[in-house]
Amino acid sequence: SVALEDVAGQFTRDTGESVTLVFGASGTLTRQIRDGAPFELFLSADEALVADLANRGLTRDEGVLYAVGRLALFAPNGSPLRPDEGLDGLARLLANGGVTRFAIANPAHAPYGRAAEAALRARRLWDAIQPRLVLGENVAQAAQFAATGDAVGGLIAHAIALAPGVRARGTSALIPADLHPPLRQRMVLMKKAGPTAGRFYAYLQSPAARRIFERYGFTLPD
């Protein structure tokens, strides 16, 4: 995410060390780690996936909760969808035949996709909107789909909706947190993690990193 890129950039400026970031759906990355991918630090939008890796003996410990994510309704400039009207506005547009395509991350392996599905089901919109869904491999790709083409919008990570490149292309509004399970984001070091990964892990829990996460709309653990 853009928030993590900003934290990594600040880490490099503060320490002179650099890390390579690899982005993907949390479920996909978990499978890659189980299959032997040489990642040293895993940041998951679904803490259950960290527990799975810990149970398999692949991590140093059970990791730490670093943020709680939020879901946002996003509409590109010129869309008939009004995010400030929330899912009620989406429901009206859907009933009037005004929804062409609508983007979410794939619920099969992306936690933000599962949260989007849960929110749509909570408002009884899932069955009607399913034929119009375009699925991103991860929430970043879902945001690309929501902001381009003939999509009226999508349900994406609030942090991505706040990123300058996305914010310039449309408007967004938070979805009530009680419409989906909490997006408890946990990170953990792999057993083979090196010293730089360990220092970045500690940095991600520092006040400097927390300020960046807060700026992107994450709720922070105590």
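Here the structure is a predicted model, which is why all the values come from computation and not from measurement.

Another point: the packing of helix α1 (residues 2–15) against helix α11 (residues 207–215). Two numbers describe how α1 lies on α11: the axes approach to 9 Å, and their chain directions differ by 155 degrees. Between α1 and α11, the angle is such that the two are roughly antiparallel. For the crossing formed where α1 meets α11, the hand is right-handed. Residues Ala3, Asp6, Val7 and Gln10 of α1 lie in contact with α11, whose contacting residues are Ala209, Ile212, Phe213 and Arg215. Looking at the contact of α1 with α11 residue by residue, the classes come out as five nonpolar, one polar and two charged.

Before going further, it helps to spend a moment on the packing of aromatic side chains. Throughout the structure, instances matching the rule amount to four aromatic pairs. Centroid distance Phe11 to Phe200: 5.0 Å. Interplanar angle 55 degrees. Geometry classified as tilted. With Phe11 in helix α1 and Phe200 in helix α10 (residues 195–203), the pair connects residues that are 189 residues apart, well separated along the chain. Each member of the pair, Phe11 together with Phe200, is buried. Put simply, the rings of Phe11, Phe200 and Tyr203 touch in pairs and so form one group of aromatic residues.

Conventions adopted
- Residues numbered from 1 in each chain as written.
- Predicted model: local features only at pLDDT ≥ 70, side-chain atom pairs only at ≥ 80, totals over all residues.
- Heavy atoms only, no water.
- Axes fitted to C-alpha atoms, helices over the stretch in contact; angles between N-to-C directions.
- Helix = DSSP H or I, 4+ residues; strand = E, 2+ residues; numbered from the N terminus.
- Parallel < 35°, antiparallel > 145°, perpendicular 65-115°, else oblique.
- Left-handed = near helix turned anticlockwise from the far one by under 90°.
- Contact = heavy atoms within 4.5 Å.
- Nonpolar A, V, L, I, M, F, W, Y, C, P; charged D, E, K, R; others polar.
- Phe/Tyr/Trp six-rings, centres within 6.5 Å; stacked < 30°, edge-to-face > 60°.
- Buried < 20%, exposed > 50% of the residue type's maximum accessible area, 1.4 Å probe, protein only.

Fair warning: the whole summary comes from geometry, so function is off the table for now.
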